[in-house]
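Fold and geometry: a report
The lines below spell out each chain.
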Amino acid sequence: MQSWRRRKSLWLALSASWLLLVLLGGFSLLRLALPPRPRPGASQGWPRWLDAELLQSFSQAGELPEDAASPPQAPHGGSCNWGACFDTSKCRGDGLKVFVYPASGPISETHHKILASIEGSRFHTFSPAGACLLLLLSLDAQTGECSSMPLQWNRGRNHLVLRLHPAPCPKTFQLGQAMVAEASPTVDSFRPGFDVALPFLPEAHPLRGGAPGQLQQHSPQPGIALLALEEERGGWRTADTGSSACPWDAHCEQDPGSRQTQRRETLPNATFCLISGHRPEAASRFLQALQAGCIPVLLSPRWELPFSEVIDWTKAAIVADERLPLQVLAALQEMSPARVLALRQQTQFLWDAYFSSVEKVIHTTLEVIQDRIFGTSAHPSLLWNSPPGALLALSTFSTSPQDFPFYHLQQGSRPEGRFSALIWVGPPGQPPLKLIQAVAGSQHCAQILVLWSNERPLPSSWPETAMPLTVIDGHRKVSDRFFPYSTIRTDAILSLDAHSSLSTSEVDFAFVVWQSFPERMVGFLTSSHFWDEAHGGWGYTAERTNEFSMVLTTAAFYHRYYHTLFTHSLPKVLRTLADEAPTCVDVLMNFLVAAVTKLPPIKVPYSKQRQEAAPLASGGPGPRPKPQAPSPDCVNQIAAAFGHMPLLSSRLRLDPVLFKDPVSVQRKKYRSLEKP
């Protein structure tokens, strides 16, 4: 009994002590353990611990500079945010229209490229009164001039100040309510949701196109993964994650080993690239790592990652604490090959979609601002962070990934089972009666549209069909056939020429093939490009060979979204080229689709007799135009405008099951395909 009483007394004493501890100071200890809740819209920097004063009492002066509480720096522009400092009412008419102030002094080559990128985009306007955004280029210190305040400054409202380098000209006026698009801004001065973080662009960065990614092997390399470390004096140094030594200086005392002595001026073929976060100039190595397919490992970065508002950098980069070198090495060494592969592939996509040229960087900046105008749903995260990227998924077409031809596999969906036939009727303007009957016999045809583009008056009567037939009076231009007409109600378009000749079985099988590859062009007649060493340029051939890189749009299936891209994304000079040289229109459309998908077209079987009688291109006079191939100048002009050659060659032709097999015709679904 006494033993039980002693245990009870001890238990009551312990309970009272615990209650007293909680009442006196327990709540304050719990608060110290909780990190501070970030304010809405505040910069997400490194955490500032609430118990910094307690830690300082147990350390010597200067031991904890990173953890010590420091007064936050006020961002430039005060408390400006998107809702308070930008008037979206000016953008309700034509959307985002940008006026660029003329430079007040000499400008660099990079500034020339920026001006060319904006003036060639769909955002540009020459009228400041009709502009939604007024853009001011902050001149470089190399030119010896600094930007002055424009006359229509209006305290910076609806203005964007573009700075290409972390150390621009000294401020000659107050930014006020102006947004700032700056290369590698510090996290203390950057205003999330209002400013735009740009990459550090070298002077030699190309205007358009740009070099492709340098990743030579997409699968993780066997053996020890290599590290590439950027150095203050330039160049790169390699090391192994399997080494017990610490790869960066002044943090470890282990023997560096013999495998860490390789130093190169150019980026080696490494898996991880360690980049210091203290020096703003180190941000220039960030783009170099992306292009090489080297996973950037940012060591306590003090600068904002480019376009962090829309790009999910957790899929392409790693942010690590430089104070934990051995833990970082262990994490890199234990990373699974699947994770390494996903990160490296994402670096290649981001480089090609947003960073490979000055034009893409500028257009991405404007696209980010346009998304703010239309709201967060303008471009979902999937469109920004999945191929082909937000620049090629126009929000003016749709904001749903399912409406684009690129995301059916990711969304687990399929395009609808109907198509619209668009028949272009040029000179001499004879109604394609037989072609209409053949297309109308397809079980997948939803509507037939006849685009009348010649000087003759419209016929008074048309053949009766089971599906709707609509006649559109065109503007007598070849590019009209790729205009996004509102009367097209299906995703799939069968583009036809009045002189085309197809059977119903050929149409049905080609459409079934397109349903499996909705992002690609599926056609019957093919052509190819090649490099002409004698003339130092690209050539074109329409010879019937096993290898091809283009299909003629006189008989081809593709997604209707490419009409929107053709009209609203291509430079006006290219559409004018197609109107002046009608034989170039097929090449231009194939360039566009190949640049978006990075894939070649698909060929399907076509009757040999019709193939020999079919025209090579549309637009020629007479009932049967003479074969006429696009000139090499056409191919080279389009390639120069794109900045690279996007066309890819293929030898793939998809045939029906049992096609030309020695079996009974009754067992074949598309019997008429084999008829002579």
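Going by the structure above, here's the rest.
Residues numbered from 1 in each chain as written. Predicted model: local features only at pLDDT ≥ 70, side-chain atom pairs only at ≥ 80, totals over all residues. Heavy atoms only, no water.

Focus: the sheet that holds strand β14 (residues 469-473)
In a beta sheet, neighbouring strands are held together by backbone hydrogen bonds and run either parallel or antiparallel to one another. Taking strand neighbours across the sheet as the criterion, the seven strands line up as β14-β13-β12-β15-β20-β16-β21 in an open arrangement whose pairing is mixed. For this open sheet the edge positions go to β14 and β21 (602-603), each flanked by a neighbour on one side alone. Relative to strand β20 (residues 555-559), helix α12 (residues 504-516) is tilted by about 30°, and along the sheet it contacts β12 (419-425), β15 (492-497), β16 (522-523), β20 and β21. (Pairing = 2+ DSSP bridges. Helix = DSSP H or I, 4+ residues; strand = E, 2+ residues; numbered from the N terminus. Contact = heavy atoms within 4.5 Å. Axes fitted to C-alpha atoms, helices over the stretch in contact; angles between N-to-C directions.)

A look at α12
Between its first and last C-alpha atoms α12 spans 19 Å; for 13 residues at 1.5 Å apiece the expected length is 18 Å, and the two agree. For α12, the buried fraction is high: ten of the 13 residues fall into the buried class. Every buried residue of α12 is listed here: Ser505, Glu506, Val507, Asp508, Phe509, Ala510, Phe511, Val513, Trp514 and Gln515. (Expected span 1.5 Å × (residues − 1). Buried < 20%, exposed > 50% of the residue type's maximum accessible area, 1.4 Å probe, protein only.)

Points about the state of the cysteines
Tallied over the entire structure, the rule returns four disulfides. Two residues share a disulfide in this structure: cysteine 91 and cysteine 132, whose sulfurs sit 1.6 Å from each other. Between cysteine 91 and cysteine 132, the disulfide has an S-S torsion of 50° and is therefore right-handed. Of this pair, cysteine 91 sits in the loop between α3 (82-85) and β1 (98-100) while cysteine 132 sits in the loop between α4 (109-119) and β2 (133-137), placing them 41 residues apart in sequence. Each member of the pair cysteine 91 and cysteine 132 is classed as buried. Each disulfide pairs two cysteine sulfurs, and for cysteine 273 the partner residue is cysteine 294, the sulfurs being separated by 2.0 Å. In this structure, the disulfide formed by cysteine 273 and cysteine 294 twists by about 115° around the S-S bond and is classed as right-handed. With cysteine 273 in strand β9 (residues 272-276) and cysteine 294 in the loop between α5 (284-292) and β10 (295-299), this pair connects stretches of sequence that are 21 residues apart. On the basis of relative accessibility, which here comes to 0%, the residue cysteine 294 falls in the buried class. Disulfide connectivity for the protein chain, with bonded cysteines indexed by sequence position, reads 1-2, 3-4, 5-6, 7-8. (Disulfide = S-S within 2.5 Å.)

Examining the pairing of β12
Among the seven residues that make up β12, seven are buried, leaving the element largely enclosed by the rest of the structure. Both faces of β12 are covered, namely the face carrying Phe419, Ala421, Ile423 and Val425 and the face carrying Ser420, Leu422 and Trp424. Relative to strand β13 (residues 445-452), β12 runs parallel, the two sharing seven bridges. Bridging across to β13, tryptophan 424 finds its partner in leucine 451. As defined by bridge partners, β12 adjoins β15 across six bridges and the pair is classed as parallel. Of the residues in β15, the one forming a bridge with serine 420 is isoleucine 493.

Thoughts on the side chain of serine 500
Mapped onto the elements, serine 500 comes out in the loop between β15 and α12. The exposure class assigned to serine 500 is buried, which follows from its relative accessible area of 13%. If we skip the residues at most four places from it in the chain, serine 500 touches Leu435 and Thr554.

Focus: the nonpolar core
With 85 residues, the main nonpolar core has Phe419, Val439, Ile448, Phe557, Phe591 and Ile638 as its most contacted residues. Those residues in contact with phenylalanine 557 that sit more than four places away from it in its chain are Phe419, Ile493, Leu494, Val507, Ala510, Phe511, Trp514, Arg520, Met521 and Val522. Ranked by size, the runner-up nonpolar core spans 64 residues in total, among them Ile118, Leu135, Leu164 and Phe194. (Core = buried A, V, L, I, M, F, W, Y, C linked by side-chain atoms within 4.5 Å.)

Quick look at helix α17 (residues 632-642)
Looking at α17, one finds that the buried residues are Cys634, Val635, Ile638, Ala639 and Phe642. Projection of α17 onto a plane perpendicular to its axis shows the buried side chains occupying an angular sector of 130°, all on one side. Exposed positions of α17 whose direction lies more than 90 degrees from the buried face are Asp633 and Ala640. Packing partners of the buried residues in α17 comprise β18 (537-541), α14 (572-580) and α15 (585-597). Where α17 terminates, the next one or two residues include glycine 643, which has phi positive at roughly 85°. (Arc of directions from axis to C-beta.)

Topic: the environment of glutamate 304
In this fold, glutamate 304 is placed in the loop between β10 and β11 (318-320). By relative accessible area, which is 17% here, glutamate 304 ends up buried. In this structure, glutamate 304 is in contact with Ser184, Pro185, Val187, Phe190 and Ala197, ignoring residues within four places of it in sequence. A polar contact is formed between the side chain of glutamate 304 and the side chain of serine 308, at a distance of 2.8 Å. (Polar contact = N/O pair within 3.5 Å; in protein donor to acceptor, adjacent residues only side chain to side chain.)

Description of empty space enclosed by the protein
Scanning all chains against the criterion turns up six cavities of 30 Å³ or more. Taken as a whole, the second largest cavity holds about 50 Å³ of empty space. Along the walls of the second largest cavity sit Met521, Ser549, Asn590, Val593, Ala594, Thr597, Leu599, Pro600, Pro601 and Leu647, which together make up its complete lining. Taken together, the residues of the lining of the second largest cavity sort by class into seven nonpolar, three polar and no charged. (1 Å grid on protein atoms, 1.4 Å probe; cavity = no way out; pocket = protein on both sides within 12 Å on 5 of 7 lines; lining within 4 Å. Points joined across faces, edges and corners; volume = space filled by probe spheres on them. Nonpolar A, V, L, I, M, F, W, Y, C, P; charged D, E, K, R; others polar.)

Quick word on the packing of α5 against helix α7 (residues 337-355)
Where α5 contacts α7, the two axes come as close as 7 Å, and the packing angle between them is 120°. Once α5 is placed against α7, the crossing between them reads as left-handed. Of α7, the residues touching α5 (which contributes Leu287, Leu290, Gln291 and Ala292) are Thr347, Gln348, Trp351 and Phe355. In terms of residue class, the contact of α5 with α7 is built from five nonpolar, three polar and no charged. (Left-handed = near helix turned anticlockwise from the far one by under 90°.)

Observations regarding the sheet that holds β18
Sheet architecture is open: three strands sit in the order β18-β17-β19, paired in antiparallel fashion. Strands at the two margins of the open sheet, each flanked by one partner only, are β18 and β19 (550-551). Bridge analysis of strand β17 (residues 526-532) against β19 gives two bridges, and the strand direction is antiparallel. Across the sheet, residue serine 527 finds its bridge partner in β19, namely methionine 550.

Thoughts on the packing of aromatic side chains
Taken as a whole and judged by the stated rule, the model has 29 aromatic pairs. Judged by centre distance (6.0 Å) and plane angle (85°), the ring pair of phenylalanine 406 and tyrosine 561 falls under edge-to-face. Here the residue phenylalanine 406 occupies a position in the loop between α9 (381-385) and α10 (408-411), and tyrosine 561 occupies one in helix α13 (residues 561-568), the gap between them amounting to 155 residues. In this structure, phenylalanine 406 and tyrosine 561 share a single accessibility class: buried. An aromatic cluster is present here, built from Phe286, Trp303, Phe307, Trp313, Phe349, Tyr354, Phe355 and Trp384 joined pairwise through their rings. (Phe/Tyr/Trp six-rings, centres within 6.5 Å; stacked < 30°, edge-to-face > 60°.)

Quick word on the side chain of threonine 110
Along the chain, threonine 110 falls in helix α4. If we skip the residues at most four places from it in the chain, threonine 110 touches Leu164, Pro202 and Glu203.

Section: the layout of surface pockets
Each pocket or cavity is described by its volume, and for the second largest pocket that value is around 1100 Å³. Taken together, 41 residues make up the lining of the second largest pocket; nearest its centre are Glu359, His363, Ser569, Leu570 and Pro571. For the lining of the second largest pocket, the secondary structure elements donating two or more residues are α4, α7, α8 (358-374), α13, α14, α15 and α17. Looking at the lining of the second largest pocket element by element, the count peaks at six residues for α8. Considered class by class, the residues forming the lining of the second largest pocket number 17 nonpolar, twelve polar and twelve charged.

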